[in-house]
Amino acid sequence: MKFFILTVFPEFFKNFISESIIGKAVSKGLVEIEVVNIRDFTLDKHNKTDDYPFGGGPGMVMTPQPLADAIKYSLGKANSGKVIYLTPKGKIYDQELAAGLSKAGEDLILVCGHYEGIDQRIIDKYVDFEISIGDFILTGGEIPAMVMIDSITRLLEGVLGNEESSESESFYDHLLEHPQYTRPREFEGMKVPEVLLSGNHKEIEKWRLEASINETKEKRPDLIKKYMSKKQ
Ligand code: 4FN
């Protein structure tokens with residue numbers, strides 16, 4: 001799978017692409033990430049990527065021509081590339097959407113907006129899906145693009161260890177995690193729950209599932225509905 005990130009801040013992605021689990025997935029060739037600098041596609045002598053909005057008002061709008069050319073460049077290199085615009089107007093992103101995109105076998109072209117956003121004609125002609133990561137104001141679509149790449153990449157074959165990846169698709173997807181403990185057995189007077197030290201794997205699994213359900217009921221009751229429908 002390949003991601004194209006279309007941005008006017010390509011430097012923003014350097015560490016993201018080279019560090020940690022994403023960095024390892026990239027160097028193993030399990031995922032490809034190409035950062036496409038929208039400015040490279042400008043044709044005017046000042047390399048302008050934005051302009052004043054027709055009708056007036058504050059801020060700037062991203063100029064259509066460099067965006068269209070950056071999208072065409074990416075579509076030309078992609079295997080059945082889908083163009084996604086990260087925008088607060090989009091469908092709210094969740095684990096189900098991440099799982100669907102990780103399995104679709106399509107490369108993704110992620111368009112990151114800045115200023116007041118992009119010219120509507122780019123959306124009308126080139127964008128396949130609009131996606132939002134949540135309801136808050138951001139300065140650009142770069143962090144949402146990273147959120148998508150991170151959540152999709154970890155679901156790709158071979159990216160996580162076997163134990164970790166087997167958890168995806170299970171009902172644990174819709175539950176919060178049970179509390180976790182590591183050494184020492186006693187820390188500042190607080191002991192680790194006895195069952196976790198028992199070596200009884202059946203009892204440990206029972207405790208963990210119950211703790212997960214309780215945690216979810218208490219902190220995110222909205223998630224329980226999805227869990228119930230998955231469990232049947
Ligand atoms: N944001 C809201 C209402 C009006 C504007 C914004 C806003 C970045 C280019 C879009 C934001 C949030 C989640 C992209 C927000 C996302 C963005 C995202 C985003 C600069 C224009 C802008 C009602 C949601 C608070 C700025 C609400 N997921 N405008 O943030 O790109 O992907």
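Residues numbered from 1 in each chain as written. Predicted model: local features only at pLDDT ≥ 70, side-chain atom pairs only at ≥ 80, totals over all residues. Heavy atoms only, no water.

K.L.:
Residue-level account of the layout of surface pockets, with values.
P.N.:
Estimates place the volume of the second largest pocket at around 510 Å³. Lining of the second largest pocket is provided by 25 residues; of these, Tyr-85, Leu-86, Thr-87, Pro-88 and Gly-117 occupy positions nearest its centre. When contributions to the lining of the second largest pocket are tallied by element, the ones reaching two or more residues are β5 (82-92), α5 (120-126) and β7 (129-132). When residues of the lining of the second largest pocket are assigned to their parent elements, the largest contribution, 5 residues, is made by β5. (1 Å grid on protein atoms, 1.4 Å probe; cavity = no way out; pocket = protein on both sides within 12 Å on 5 of 7 lines; lining within 4 Å. Points joined across faces, edges and corners; volume = space filled by probe spheres on them. Helix = DSSP H or I, 4+ residues; strand = E, 2+ residues; numbered from the N terminus.)

K.L.:
Please set out the pattern of salt bridges residue by residue, giving values where relevant.
P.N.:
Once their charged atoms are close, side chains differing in charge can pair, the charge on each being opposite to the other. Here the structure, examined in full by the defined rule, presents 11 salt bridges. One continuous salt-bridge network, built from bridges that share partners, spans Lys-2, Glu-32, Glu-34 and Lys-77. (Salt bridge = Lys/Arg side-chain N within 4 Å of Asp/Glu carboxyl O.)

K.L.:
So what about the sheet that holds strand β2 (residues 32-37)? Which residues, and what values?
P.N.:
Reading across from one edge, β2-β1-β6-β5-β7 is the order of the 5 strands in this open sheet, with parallel pairing throughout. Whereas interior strands pair on both sides, the edge strands pair on one side only; in this sheet they are β2 and β7. Across the sheet, the axes of successive neighbouring strands diverge by a mean angle of 35°, strand direction being ignored. Bridging between β5 and strand β6 (residues 108-112) involves 5 bridges; their strand directions are parallel. Among the inter-strand pairings, Tyr-85 is bridged to a residue of β6, identified as Val-111. (Pairing = 2+ DSSP bridges. Axes fitted to C-alpha atoms, helices over the stretch in contact; angles between N-to-C directions.)

K.L.:
Describe the site of the ligand, and please don't skip the residues or the numbers.
P.N.:
Residues in close proximity to the ligand total 19 residues, the closest being Ile-133, Gly-134, Phe-136, Ile-137 and Leu-138. At 3.4 Å, a backbone N or O of Thr-87 approaches an oxygen atom of the ligand. Here Leu-138 contributes a backbone N or O atom positioned 3.0 Å from an oxygen atom of the ligand. The protein chains hide 74% of the 630 Å² of surface that the ligand would expose on its own. Residue assignment for the shell around the ligand shows that the elements contributing at least two residues are β5 and β7. Among the elements that make up the shell around the ligand, the one with the highest residue count is β5 (3 residues). (Near = heavy atom within 4 Å. Polar contact = N/O pair within 3.5 Å; in protein donor to acceptor, adjacent residues only side chain to side chain. Areas by Shrake-Rupley, 256 points an atom, 1.4 Å probe, with all protein chains shown as cover.)

K.L.:
Now, about the packing of helix α4 (residues 95-103) against helix α6 (residues 142-153): what can you tell me, with residues and values included?
P.N.:
Where α4 meets α6, the axes come as close as 9 Å, and the angle between the chain directions of the two elements is 70°. Of the possible angle classes, the one that applies to α4 and α6 is roughly perpendicular. Here α4 runs over α6; the crossing is right-handed. In this structure, α4 uses Ala-98, Leu-101 and Ser-102 to contact α6, whose residues at the interface are Met-148, Ser-151 and Ile-152. Taken together, the residues of the contact of α4 with α6 sort by class into 4 nonpolar, 2 polar and no charged. (Parallel < 35°, antiparallel > 145°, perpendicular 65-115°, else oblique. Left-handed = near helix turned anticlockwise from the far one by under 90°. Contact = heavy atoms within 4.5 Å. Nonpolar A, V, L, I, M, F, W, Y, C, P; charged D, E, K, R; others polar.)

K.L.:
Would you mind going over the pairing of strand β1 (residues 2-7) in detail, with residue names and values included?
P.N.:
The buried count for β1 comes to 6 of 6 residues, which makes it a mostly enclosed element. On β1, burial covers both faces: Lys-2, Phe-4 and Leu-6 on one face and Phe-3, Ile-5 and Thr-7 on the other are all buried. Bridge analysis of β1 against β2 gives 6 bridges, and the strand direction is parallel. The residue bridging Lys-2 from the neighbouring strand is Glu-32, located in β2. (Buried < 20%, exposed > 50% of the residue type's maximum accessible area, 1.4 Å probe, protein only.)

K.L.:
I'd love a proper account of the side chain of Glu-34, names of residues and values included.
P.N.:
Looking at the secondary structure, you find Glu-34 in strand β2. Looking at Glu-34, its side chain comes within polar contact range of the side chain of Tyr-73, at 2.5 Å. With residues near it in sequence (within four places) discarded, Glu-34 still touches Lys-2, Phe-3, Phe-4, Ile-5, Tyr-73 and Lys-77.

K.L.:
Which residues make up the packing of aromatic side chains, and what values go with them?
P.N.:
Scanning all chains against the criterion turns up 2 aromatic pairs. With centroids separated by 5.5 Å and ring planes inclined at 55°, the aromatic side chains of Phe-41 and Tyr-73 adopt a geometry described as tilted. Of this pair, Phe-41 sits in the loop between β2 and β3 (50-51) while Tyr-73 sits in helix α3 (residues 64-77), and the two are 32 residues apart along the sequence. (Phe/Tyr/Trp six-rings, centres within 6.5 Å; stacked < 30°, edge-to-face > 60°.)

K.L.:
Requested: an account of unusual backbone geometry, with residues and values cited.
P.N.:
The residue after Arg-183, namely Pro-184, is reached through a cis peptide bond having omega 5°. One can find Pro-184 in the loop between α7 (162-166) and β8 (186-187). In this model, Ser-20 sits at a positive phi of 60°, which is unusual for a non-glycine residue. A residue is classified by how much of its surface remains accessible, and Ser-20, at 58% relative accessible area, is exposed. At Asn-47, a position not held by glycine, the phi torsion is positive, near 50°. In this fold, Asn-47 is placed in the loop between β2 and β3.

Geometric values such as these leave the question of function open.
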